[in-house]
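Examining the three-dimensional arrangement
The residues making up each chain are set out below.
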Amino acid sequence: MKDEKKINTTVFVTKPFLPPLEEYIPYLQKIWESNILTNNGPYHQQLEKELCAFLNVPYISLFANGTLALLTALQALKITGEVITTPFSFVATTHSLWWNNIKPVFVDIEPERMTLDPTKIEAAITPKTTAILPVHVYGYPCMVEEIDEIAKRRGLKVLYDAAHTFGANYKGKSLASYGDLSILSFHATKVFNTFEGGAIVCHTAEMKHHIDNLKNFGFRGETVIEEPGINAKMNEVQAAMGLLQLKYVPKLIEGRQSVVQQYKDALRSIEGISFLDDMDKVEYNYAYFPVFIDSNIYGRTRDEVYIKLKENNIFARRYFYPLISQFPVYQGLESAQAGKMPVAESIAEKVLCLPIYPDLEKENIARIVGILK
Ligand SMILES: *Cc1c(COP(=O)(O)O)cnc(C)c1O
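Residues numbered from 1 in each chain as written. Predicted model: local features only at pLDDT ≥ 70, side-chain atom pairs only at ≥ 80, totals over all residues. Heavy atoms only, no water.

Another aspect to go through is the overall build of the protein. Along the backbone of the protein there are 13 helices and 17 strands. Taken over C-alpha atoms, the radius of gyration comes to 21 Å for the protein, in line with the 21 Å a tight globule of 373 residues would show. If you line up the protein on its principal axes, its C-alpha atoms span 65 × 65 × 35 Å. Evaluated residue by residue, the protein yields a buried proportion of 54% over its 373 residues. Long-range contacts, defined here as pairs at least 24 residues apart, represent 69% of the contacts in the protein between residues at least 6 apart. When the accessible surface of the protein is split by element, carbon and sulfur atoms take 53% of a total near 17,300 Å². For the protein, the distance from the average position of its 39 positive side-chain charges to the average position of its 43 negative side-chain charges is 1 Å. (Helix = DSSP H or I, 4+ residues; strand = E, 2+ residues; numbered from the N terminus. Rg over C-alpha atoms; globule rule 2.2 N^0.38 Å. Buried < 20%, exposed > 50% of the residue type's maximum accessible area, 1.4 Å probe, protein only. Contact = heavy atoms within 4.5 Å. Areas by Shrake-Rupley, 256 points an atom, 1.4 Å probe, with all protein chains shown as cover. Lys, Arg positive; Asp, Glu negative; His and termini not counted. Charge placed at Lys NZ, Arg CZ, Asp CG, Glu CD.)

This paragraph deals with the environment of T38. Assignment of secondary structure puts T38 in the loop between α1 (21-34) and α2 (42-55). Among the residues examined, T38 registers a relative accessible area of 30% and is labelled partly exposed. T38 sits 199 residues away from V237 along the chain, and the two C-alpha atoms are 8.3 Å apart. Those residues in contact with T38 that sit more than four places away from it in its chain are K233, M234, N235 and E236.

Once that is clear, we can look at unusual backbone geometry. Cis geometry is adopted by the peptide bond preceding F320, which originates at Y319 and carries an omega value of 5 degrees. For the bond running from Y321 to P322, omega is -10 degrees, close enough to zero to count as cis. Along the chain, the position of P322 falls in the loop between β16 (314-315) and α11 (328-331). The backbone phi angle of N35 is positive, close to 65 degrees, even though this residue is not glycine. Within the secondary structure, N35 is located in the loop between α1 and α2. Here N35 falls in the exposed class, since its relative accessible area comes to 61%. The backbone of K281 shows a phi angle near 65 degrees, a positive value even though the residue is not glycine. Here K281 is to be found in the loop between β13 (273-275) and β14 (282-283).

For the structure on display, the rule yields 17 salt bridges. In this structure, the salt-bridge partner of E122 is R154, at a minimum N-O distance of 2.8 Å. Pair noted here: E122 is in the loop between β4 (103-106) and β5 (129-133) and R154 is in helix α5 (residues 144-154), with a separation of 32 residues, a long-range link. For E122, a relative accessible area of 29% corresponds to the partly exposed category. D303 serves as the salt-bridge partner of R302, at 2.7 Å between the closest nitrogen and oxygen. Taking the relative accessible area as the measure of exposure, D303 reaches 27% and is therefore partly exposed. (Salt bridge = Lys/Arg side-chain N within 4 Å of Asp/Glu carboxyl O.)

The next thing to look at is the state of the cysteines. Counted according to the given criterion, the structure contains zero disulfides. Left without a disulfide partner, C142 is nearest to the cysteine sulfur of C353, which lies 16 Å away. With relative accessibility at 0%, the residue C142 sits in the buried group. (Disulfide = S-S within 2.5 Å.)

What follows deals with the site of the ligand. Near the ligand there are 15 residues, and of these T67, D161, H164, S185 and K190 occur at the shortest range. Separating an oxygen atom of the ligand from a side-chain N or O atom of T67 is a distance of 2.6 Å. For the ligand, a nitrogen atom lies 2.8 Å from a polar atom in the side chain of D161. Protein coverage of the free-state accessible area of the ligand, which is 380 Å², stands at 93%. Where the shell around the ligand is concerned, the elements lending two or more residues are α3 (66-76) and α4 (92-99). (Near = heavy atom within 4 Å. Polar contact = N/O pair within 3.5 Å; in protein donor to acceptor, adjacent residues only side chain to side chain.)

Summarising burial for strand β10 (residues 198-202): five of the five residues are buried, a large majority. Side chains G198, I200 and C202 of β10 all project onto a buried face; the interleaved residues A199 and V201 project onto the opposite face, where all are buried too. Pairing between strand β9 (residues 181-185) and β10: four bridges, direction antiparallel. The residue bridging I183 from the neighbouring strand is I200, located in β10. (Pairing = 2+ DSSP bridges.)

Function cannot be read off these values alone, since they describe shape.
Next up, the structure:
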């Protein structure tokens, strides 16, 4: 019998990429031979080098996950007081401020790219504001020039949550190279994964040294503590996964691009469903495929569509609904009050991220599109 490709009928919003196990085993054997499991081991060092080359960034410090990278980046920049940020992100963005005893100040997003609206930032600056924490949502660039101009003029730091941007470029540069610092996430669900993992991208050797100390309890040498640090180190098993996985990234992004193209071709004709257009000077990583459902035109609400897909074993996700500012822990903040961020509030009701991963089958894309039609 000819092998028949088995099509999975249950489709999740994403599927973590695993390279062939037999390619991973030799890396594990080396770890067993060397007995070096963590603490800036050989794979850790090699992955930092290879990522700098792949992303074309000057310095990278690897982390156990993206949230620890965020927490540590705020410490490294000595950010205190208030920070201007977006409500349209994954909760870790705001949690990292909270864990540093920093007050989040939410500012609305702009409707073209769903990122922090630079025209609304200045009104939110107070004498306590020390930084801006924007997010390149779905891997689409923030309005980096405008944000950086405001930050320079007002003496603020910029820390980008670049968790969605692995492999995405803007004006020929990695999106992770903008701002004072950028953080990446290598969580299982991201474009590039190390099971769990993350990184901080920085611009000077001094800053890299500072960050490397902070993620290792503040140790400098055996007996000297430079500052109060944390344990946020990436281990060798994770770093090995990264080295192996990195070889596949260009292919993975190509696969994602093909899925997006199929979706766009099929959905373009449906009234009431829209998606983000390609932008000038942007090379995407196709990390997510968000669609926006205008229920007045489409005739059904986003939640009706979400439920309908679920009934068919297709698990789309409402990223980002609720907004971070709508979670009970943050609701009490003045900037979180209903009506203050009309764009984000409206988008959160319309958005639905459709399943996307490099080998999502044509048959399943057709099924999803069929249900939407
Ligand atoms: C995934 C993600 C994070 C957190 O990264 P982890 O590696 O899961 O800790 C932070 N911000 C955004 C926008 C994310 O999507």
